[in-house]
Number of protein chains: 2
Amino acid sequence: MKLMLVGYGNVGKAFRKLLHEKKVKELENVKIAGIVTTRGLMLKDQEEFVPDKKVDVLEALDEVQPDVVVDMASANYKTGEPSLSLYLSALKRGIHVITTNKAPLALKYKEIINTAISHGSKIFFQATVMSGTPSINLYRILPAMKVRKIRGILNGTTNYILTRMSQGLSFNEALKEAQELGYAERDPTLDINGFDAAGKITILSNVYFSRYISINDVKFEGIGNIEIGDALKRGNKIKLIAYADEKETYVKPAEITKEDFLYNVDGVNNALEIESDIQKITIVGPGAGPLNAAYGAFSDLILLLRGENLPGL
Amino acid sequence: MKLMLVGYGNVGKAFRKLLHEKKVKELENVKIAGIVTTRGLMLKDQEEFVPDKKVDVLEALDEVQPDVVVDMASANYKTGEPSLSLYLSALKRGIHVITTNKAPLALKYKEIINTAISHGSKIFFQATVMSGTPSINLYRILPAMKVRKIRGILNGTTNYILTRMSQGLSFNEALKEAQELGYAERDPTLDINGFDAAGKITILSNVYFSRYISINDVKFEGIGNIEIGDALKRGNKIKLIAYADEKETYVKPAEITKEDFLYNVDGVNNALEIESDIQKITIVGPGAGPLNAAYGAFSDLILLLRGENLPGL
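Residues numbered from 1 in each chain as written. Chains lettered and ligands numbered in written order. Predicted model: local features only at pLDDT ≥ 70, side-chain atom pairs only at ≥ 80, totals over all residues. Heavy atoms only, no water.

1. Points about the interface of chain A and chain B
Note on interface size: it is often stated as the accessible area lost on association of the parts.
At step 1: Chain A puts 45 residues into the contact, and the matching count from chain B is 45 residues.
At step 2: Between chain A and chain B, the buried area comes to about 3,500 Å², and carbon and sulfur atoms account for 60% of it.
At step 3: Counting the surface chain A buries against chain B, the share from its top three residues, A:Ile141, A:Phe261 and A:Tyr295, is 19%.
At step 4: Where chain A touches chain B, the interface holds 2 salt bridges.
At step 5: Between B:Lys22 and A:Asp277 there is a salt bridge whose closest N-O contact spans 2.4 Å.
At step 6: Summed over the shared surface of chain A and chain B, the number is 18 residue pairs in polar contact (both at pLDDT 80 or more).
At step 7: Across 3 bridges, strand β12 (residues 280-286) of chain A lies against strand β12 (residues 280-286) of chain B in antiparallel orientation. Across the sheet, residue A:Val284 finds its bridge partner in β12(B), namely B:Thr282. (Contact = heavy atoms within 4.5 Å. Buried area = accessible area lost by both parts, 1.4 Å probe. Salt bridge = Lys/Arg side-chain N within 4 Å of Asp/Glu carboxyl O. Polar contact = N/O pair within 3.5 Å; in protein donor to acceptor, adjacent residues only side chain to side chain. Pairing = 2+ DSSP bridges. Helix = DSSP H or I, 4+ residues; strand = E, 2+ residues; numbered from the N terminus.)

Here is the structure:
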């Protein structure tokens, strides 16, 4: 079983480490046959990245001929490229795809899933939502529910900022701290304006409601000019809430009371509530971090090796 | 695929309803071939129980020759019987077992699992802990973690009583109310004294630490003479906490602060925290109720039909 890793930043490095350190029987015949970044393709498995060839990801796919592509590159929300073309090309050849990159799925879920179905290949994407905390994969063990609504805190950057603001910092101070700690990017626009959370609730909606929506169908509002003083005075907190039911899907800030489970979901923790005809359950865990994202992809790999598919496919 | 249901109280009836109402492709060739209770065996699938033969569960197994036994009978903690003998007998013949009854697994986990392994049959038991809220099955989607500790609220009856006490009721008033609402049994001893939670943390320890312990190895303390006044004055709550790490496994009441996720787990809700080398995650959901327990068994059936086994087996 040959893997090709795409992207080799902190997540890619953590993934490689998990692959080497975790002694799991499923991994016995798995090896990294290639690692590709914007700098080119390395045709061996070593920690330091030294490109052997100056090729792009699609050329790398031809070169490596892997059984599984693991995409851990950063997201391009305008077009989803080059990842989108890579997935379609791989899936058409029967190559499975595991990804931590939500842009292609938030933009073109239907096209990607249908390509996988019609070619008998698989796409796994736990780490696109809540990183290594089961959100997508939770659906595997909750079969045949009639989901009524889902609701969550899906962006760690804004949740960290809102948490620190509730502790007295200004928005700018909180953002600066988040950047220093590596919780926010240098250009934090897509986190702050709710777009990242919108991408995630798009993917969750598609899975939990067996739907085909795109991020362009989702209304979103961020925390750019947020005022939290009045909520604090009432003993409440402001959280950036992502919500979906059968009729609507949106992201917007909301006032959360002490009795709400989401009240205690602070810092870079994320949470997802699923309300179905059976019950309401909530899962909470870290929504970001290189090891967490890497574990999301790693857990997908193990499930893939166990022969699983996305339920319903 | 022939099922034999054991026990036909509220859980059994809810399970049968799910089986008939949920349109899932996995269930296409599944039918109930027999239902057995202490009153005898009914050899057809109908809502009203009318025994056809006066036989016990072991004789019923011979009679029905099912592919899967679904045990939803109430627990006998002294010996685990007659369910324990039924599981061993079924597993030895290659008949799979799904159970909501925790007594046999809390008493004889090793013997049951080893019987399944050596005969290539399967035992699924999600509903023994947290009912339909994934606790056992959560482990399926968290492969290759190194679990450091698990901690939770695993008994709905005591959590309901403690919740109502924190709202001003006396222990006896809260217990009476719980009984009237069907959250506590007429003899609530095994809930109140922590034994039920001890059985659940035993099963979780065996799964999450790949261990073989019995409920007899677990220290437990209940809420019989609990005093919650001082904790309330400090703004805290008392919760009955089940805990396990690699060294110890116990159940005892503990004071929980506002910052703790478990603080907001009230009423008949249960919660489970899992701390591993990767991350700390928490799942919260109802821990009791006929539909919930039935769904736990039903979700096991679907996973079984998808070809899954308990991870590690």
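Moving on from the coordinates now.
2. Remarks on the sheet that holds strand β8 (residues 219-220) of chain A
At step 1: One open sheet holds the 12 strands; their spatial order is β8(A)-β10(A)-β9(A)-β7(A)-β11(A)-β12(A)-β12(B)-β11(B)-β7(B)-β9(B)-β10(B)-β8(B), and the pairing between them is mixed. In the strand order of this sheet, the two ends are held by β8 of chain A together with β8 (219-220) of chain B, each with one partner.
At step 2: As defined by bridge partners, β8(B) adjoins strand β10 (residues 249-256) of chain B across 2 bridges and the pair is classed as parallel. Looking across to β10(B), one finds that B:Lys219 is bridged to B:Tyr250.
At step 3: Across the face of the sheet, helix α5 (residues 156-166) of chain A comes into contact with β7 (147-153), β9 (237-245) and β11 (269-276) of chain A while running at roughly 150° to β9(A).
At step 4: Relative to β10(B), helix α8 (residues 195-208) of chain B is tilted by about 115°, and along the sheet it contacts β7 (147-153), β8, β9 (237-245), β10 and β11 (269-276) of chain B. (Axes fitted to C-alpha atoms, helices over the stretch in contact; angles between N-to-C directions.)

3. A word on the packing of helix α2 (residues 57-64) of chain B against helix α3 (residues 83-92) of chain B
Helix packing for two helices is described by the angle between their axes and how far apart those axes are.
Residues and elements named next belong to chain B.
At step 1: Closest axis-to-axis distance for the α2/α3 pair is 9 Å, and the angle between their directions is 25°. The angle between α2 and α3 places the two elements in the roughly parallel class. Helix-helix and strand crossings are classified by hand; for α2 and α3 the assignment is right-handed. Along its contact with α2, which presents Val 57, Leu 58 and Leu 61, the element α3 presents Ser 85, Leu 86, Ser 89 and Ala 90.
At step 2: For the contact of α2 with α3, the per-class residue count stands at 5 nonpolar, 2 polar and no charged. (Parallel < 35°, antiparallel > 145°, perpendicular 65-115°, else oblique. Left-handed = near helix turned anticlockwise from the far one by under 90°. Nonpolar A, V, L, I, M, F, W, Y, C, P; charged D, E, K, R; others polar.)

4. Observations concerning the UniProt feature "domain: Aspartate/homoserine dehydrogenase NAD-binding" (unreviewed entry) in chain A
At step 1: When the UniProt feature table is mapped onto this chain numbering, "domain: Aspartate/homoserine dehydrogenase NAD-binding" (unreviewed entry) sits at residues 7-125 of chain A.
At step 2: In residues 7-125 of chain A, the share of helix is 39% and the share of strand is 17%. The end C-alpha atoms are 16 Å apart. (UniProt positions renumbered as here; feature names shortened; annotations may be inferred.)

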